[in-house]
Amino acid sequence: MNDELFDFQQLEANIVNKSLAQLSAGDMDPITKLRALCLSRGATGINGLGRIFRNMDDDGSKALNEYEFTKGIKECGLAVSNEEIKEMFRSFDEDGSGSINMTEFLLKLRPPMSQARLAMIDKAFSKMDKTGDGVITLEDLKNVYTAREHPKFKSGEKTEDEILTDFLHNFEGGRGNLDGKVTKEEFINYYATISASIDNDEYFEFMMKKAYALE
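Residues numbered from 1 in each chain as written. Predicted model: local features only at pLDDT ≥ 70, side-chain atom pairs only at ≥ 80, totals over all residues. Heavy atoms only, no water.

Enquirer: What should I look at first to understand the overall build of the protein in this one?
Expert: Across its full length, the protein carries twelve helices and four strands. Expected size for 215 residues packed as a compact globule is a radius of gyration near 17 Å; at 18 Å, the protein falls within 12% of this value. Its C-alpha atoms give the protein principal-axis dimensions of roughly 50 × 40 × 35 Å. Counting only residues that meet the buried cut, the protein has 45% of its 215 residues in that class. (Helix = DSSP H or I, 4+ residues; strand = E, 2+ residues; numbered from the N terminus. Rg over C-alpha atoms; globule rule 2.2 N^0.38 Å. Buried < 20%, exposed > 50% of the residue type's maximum accessible area, 1.4 Å probe, protein only.)

Enquirer: So what exactly am I meant to see when it comes to the nonpolar core here?
Expert: Soluble globular proteins tend to pack their nonpolar side chains together in the buried interior. In this structure, Phe187, Tyr191, Met208 and Tyr212 are the most contacted members of the largest nonpolar core, which totals 31 residues. Elements with a minimum of two residues in this core: α7 (115-128), α10 (160-169), α11 (184-195) and α12 (201-212). Counting residues in each nonpolar core, the second largest holds 27 residues, with Ile52, Cys76, Leu106 and Ala196 among its members. (Core = buried A, V, L, I, M, F, W, Y, C linked by side-chain atoms within 4.5 Å.)

Enquirer: I'm lost on unusual backbone geometry in this one. Help?
Expert: Glycine aside, a negative phi is what most residues show, and trans is what most peptide bonds show. Positive phi, close to 60°, is recorded for Lys62, a residue that is not glycine. By the secondary structure assignment, Lys62 is in the loop between α3 (45-56) and β1 (63-65). The backbone phi angle of Ala213 is positive, close to 50°, even though this residue is not glycine. Tracing the backbone through its elements, the reader meets Ala213 in the segment after α12.

Enquirer: Would you take a moment to explain the packing of helix α1 (residues 9-25) against helix α2 (residues 30-39) for this structure?
Expert: Angle between the axes and distance between the axes: these two values describe a pair of packed helices. Across the interface, α1 lies against α2 with an axial gap of 8 Å and an inter-helix angle of 140°. Classified by the interaxial angle, the pair formed by α1 and α2 is oblique. Pair α1 / α2 crosses with left-handed handedness. Every residue of α2 that contacts α1 at Ile15, Val16, Ser19, Gln22 and Leu23 is listed here: Thr32, Lys33, Ala36, Leu37 and Leu39. (Axes fitted to C-alpha atoms, helices over the stretch in contact; angles between N-to-C directions. Parallel < 35°, antiparallel > 145°, perpendicular 65-115°, else oblique. Left-handed = near helix turned anticlockwise from the far one by under 90°. Contact = heavy atoms within 4.5 Å.)

Enquirer: Just to check I follow, could you spell out the side chain of Arg35 for this structure?
Expert: Tracing the chain through its elements places Arg35 in helix α2. Asp29 provides the closest opposite charge to the buried, salt-bridge-free Arg35, at an N-O distance of 6.7 Å. Beyond its immediate sequence surroundings of up to four residues, Arg35 is in contact with Lys108, Leu109, Arg110, Pro111 and Pro112. (Lys, Arg positive; Asp, Glu negative; His and termini not counted. Salt bridge = Lys/Arg side-chain N within 4 Å of Asp/Glu carboxyl O.)

Enquirer: How should the packing of α11 against α12 be read in this particular structure?
Expert: Two elements in contact, α11 and α12, have axes whose closest approach is 11 Å; the angle formed by their N-to-C orientations is 130°. In terms of their interaxial angle, α11 and α12 are classed as oblique. Classified by chirality, the crossing of α12 by α11 is right-handed. Between α11 and α12, the contacting residues are Phe187, Tyr191, Ile194 and Ser195 on the first element and Phe204, Met207, Met208 and Tyr212 on the second.

Enquirer: Would you explain the UniProt feature "domain: EF-hand" (unreviewed entry) in the protein in this entry?
Expert: In this numbering, the UniProt entry assigns the feature "domain: EF-hand" (unreviewed entry) to residues 44-79, 80-115 and 116-151. The span residues 116-151 carries 58% helix and 6% strand; its end-to-end C-alpha distance comes to 33 Å. (UniProt positions renumbered as here; feature names shortened; annotations may be inferred.)

Enquirer: I tried to follow the packing of aromatic side chains on my own but got confused; where do I start?
Expert: Two aromatic rings, taken as a pair, are described by how far apart their centres are and by the angle between their planes. In total, this model carries twelve aromatic pairs according to the counting rule given. With 6.2 Å between their ring centres and 55° between their planes, Phe69 and Phe92 make a pair best called tilted. Here Phe92 lies in helix α5 (residues 82-92) and Phe69 lies in helix α4 (residues 66-75), a separation of 23 residues in the sequence. For the pair Phe69 and Phe92, one class covers both residues: buried. (Phe/Tyr/Trp six-rings, centres within 6.5 Å; stacked < 30°, edge-to-face > 60°.)

Enquirer: Teacher, can you tell me more about the environment of Val16 here?
Expert: Within the fold, Val16 resides in helix α1. With 148 residues separating them in the primary sequence, Val16 and Leu164 have C-alpha atoms 25 Å apart. Aside from chain neighbours lying at most four places away, what touches Val16 is Leu39, Ser40 and Gly42.

Enquirer: So what exactly am I meant to see when it comes to the pattern of salt bridges here?
Expert: One side chain can pair with another of opposite charge once the charged atoms of both are near each other. With the rule as written, the count across this model stands at eleven salt bridges. Here Lys86 ties to Glu66 by a salt bridge, and the two come within 3.4 Å at their closest N and O atoms. Within this pair, whereas Lys86 is found in helix α5, its partner Glu66 is found in helix α4, the two being separated by 20 residues in sequence. According to the relative accessible area criterion, Lys86 is partly exposed, its value standing at 37%. Assessed through its relative accessible area of 31%, Glu66 is described here as partly exposed. We note a salt bridge from Asp122 to Lys184, for which the minimum N-O separation is 2.2 Å. With a gap of 62 residues between them, Asp122 in helix α7 and Lys184 in helix α11 connect regions that are remote in the sequence.

In structure tokens, the structure reads:
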């Protein structure tokens, strides 16, 4: 497997630094501030927040009321006041219904991307999801890649399964609840964050092609 699949640290560091600078500067609307707070956690910041919210969605309604939203923000440890959380919720609750659709919330929260970038991410996901069930698992990866050239496999530090599992965990975000299954939403959210640190569409496309051996 290409090292690029495991090594986006520099790009991630860039977006963390950029978002921290944004937060220091202040003067942001609620959605932009929440996005910056998530991005300051790195490439899985948005997925981590999404995972916390999903765990709270006991009735499977895929909607959050203000209480659930407030609890989720606090559980994620984001540095915002109660009044700011209320303002954030009102910004997402555009129709004033008292609840927000979780999928639409995450879609609005992640950094915007061009159609060209979304198409490249979709292509990479399709290649990885060998079974076509909408989820990338360890078995999918084994059908696409080998980790035998990875330095930690060669040194005997990790098995091939452990290396591939580490790769899956890159996308999942949050603390714990690493189920070894990467949904398309998690995959897109991860690369939306990486994308935010890359200004040029052509470079983003080059990076994805190189990482996933795409045509």
